[in-house]
Amino acid sequence: MESYQDINARTIGQWVEEGWEWGKAITHEEYANAQDGRWDVLLTPTRPVPRSWFGGLKGKRVLGLASGGGQQMPIFAALGAVCTVLDYSPRQIESERMVAEREGYSIRIIRGDMTKPLPFEDGAFDLIFHPVSNCYVREVKPIFKECFRVLAPGGVLLCGLDNGINFLFADVDKRERLNTFPFDPVANPEQRAQLEESGDGMQFSHTLEEQIGGQLEAGFRLTHLYEDTDGAGTFHEHHIPTYWATRAVKEG
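Because the structure is predicted, anything quoted here is derived from the model rather than measured. (Residues numbered from 1 in each chain as written. Predicted model: local features only at pLDDT ≥ 70, side-chain atom pairs only at ≥ 80, totals over all residues. Heavy atoms only, no water.)

Caption draft 1: Spotlight on the overall build of the chain. Regarding its fold elements, the chain presents 8 helices and 9 strands. For a compact globule of 252 residues, the expected C-alpha radius of gyration is about 18 Å, and the chain comes in at 18 Å, within 12% of that figure. Looking at the 252 residues of the chain, the share that counts as buried comes to 51%. Accessible area for the chain stands at about 11,900 Å²; split by element, carbon and sulfur atoms hold 50% of it. Charge centroids of the chain, computed over 25 positive and 37 negative side chains, lie 6 Å from each other. (Helix = DSSP H or I, 4+ residues; strand = E, 2+ residues; numbered from the N terminus. Rg over C-alpha atoms; globule rule 2.2 N^0.38 Å. Buried < 20%, exposed > 50% of the residue type's maximum accessible area, 1.4 Å probe, protein only. Areas by Shrake-Rupley, 256 points an atom, 1.4 Å probe, with all protein chains shown as cover. Lys, Arg positive; Asp, Glu negative; His and termini not counted. Charge placed at Lys NZ, Arg CZ, Asp CG, Glu CD.)

Caption draft 2: Expanded view of unusual backbone geometry. A cis amide bond links Phe181 to the next residue, Pro182, at an omega of 0°. Counting through the fold element by element, Pro182 comes out in the loop between β7 (176-178) and α6 (189-198). Despite not being glycine, His239 has its phi angle at roughly 60°, a positive value. Along the chain, His239 falls in the loop between α8 (233-237) and β9 (243-249).

Caption draft 3: Examining the nonpolar core more closely. Core analysis: the largest hydrophobic core is formed by 31 residues, its most contacted members being Val49, Phe54, Phe76 and Leu158. Among the elements of the structure, α2 (28-35), α3 (73-78), β2 (82-87), α4 (90-103), β4 (125-130), β5 (151-162) and β9 are those that each provide at least two residues to this core. What Phe54 contacts, discounting residues up to four positions off in sequence, is Trp39, Val41, Val49, Lys60, Phe76, Leu127, Phe129 and Leu158. Residues Leu86, Val150, Leu161 and Ala218 belong to the second largest nonpolar core, which totals 29 residues. (Core = buried A, V, L, I, M, F, W, Y, C linked by side-chain atoms within 4.5 Å. Contact = heavy atoms within 4.5 Å.)

Caption draft 4: Main features of helix α5 (residues 141-150). Along α5, the residues classified as buried are Ile143, Phe144, Glu146, Cys147 and Val150. Along the axis of α5, the buried residues cluster in a sector spanning 160°; they form a single face. Residues of α5 that are buried in the fold lie against β1 (61-65), β4, β5 and α7 (208-218). (Arc of directions from axis to C-beta.)

As structure tokens, then:
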């Protein structure tokens with residue numbers, strides 16, 4: 001039987017073919033702008049991450065976790081970071097390789113499943129950049145534990161997190177058919193049918209306890225956060241935040 005991770009990899013490949021916003025690699029001009037100090041990156045749909053969350057990037061060992069697509073990692077490479085990206089989507093991996101070859105920088109590219117133990121040594125990274133992707137996995141707490149393990153003392157974890165509101169209704173625009181939480185298409189055939197009907201792969205809701213509590217349980221100290229919207233659609237038009245961005249530190 002096809003795993004839900006494989007269903008999502010196939011679905012994301014289809015989205016990229018259709019022009020998915022998060023599958024469009026940056027241009028050469030954007031890369032050159034970053035080299036000149038003109039840049040920003042997103043953890044969530046619309047609000048750029050404050051530069052103060054990063055500190056200096058030159059020489060830092062950065063892991064882009066589920067961050068393929070050639071959007072953020074090329075920026076970090078342009079700023080002098082030593083970059084690794086792990087993603088399960090072959091199409092997103094392909095975009096990373098394309099930009100690196102076009103711009104002539106080195107990056108370690110790994111196709112891997114973040115729901116499994118990460119293929120890195122303890123303390124291998126200074127920064128993990130983890131844009132919204134938690135909604136594509138069933139359990140998030142083990143991911144935070146692995147992030148804590150592979151970060152060096154003093155390392156920083158930056159996350160974009162879906163807060164679950166997007167799963168409230170089967171039809172958001174009509175605000176009909178209120179869903180029961182957790183939204184889990186593995187356990188709930190009706191919810192799986194919703195996603196199959198809309199071509200949305202396999203997605204899951206997660207709680208504050210799982211996501212913020214999960215980071216704290218892993219050993220992180222939360223230092224900053226902000227909220228964001230979808231950038232379009234009913235919730236955005238009503239100014240309802242649907243995402244959190246968090247900055248957490250591994251002290252030591």
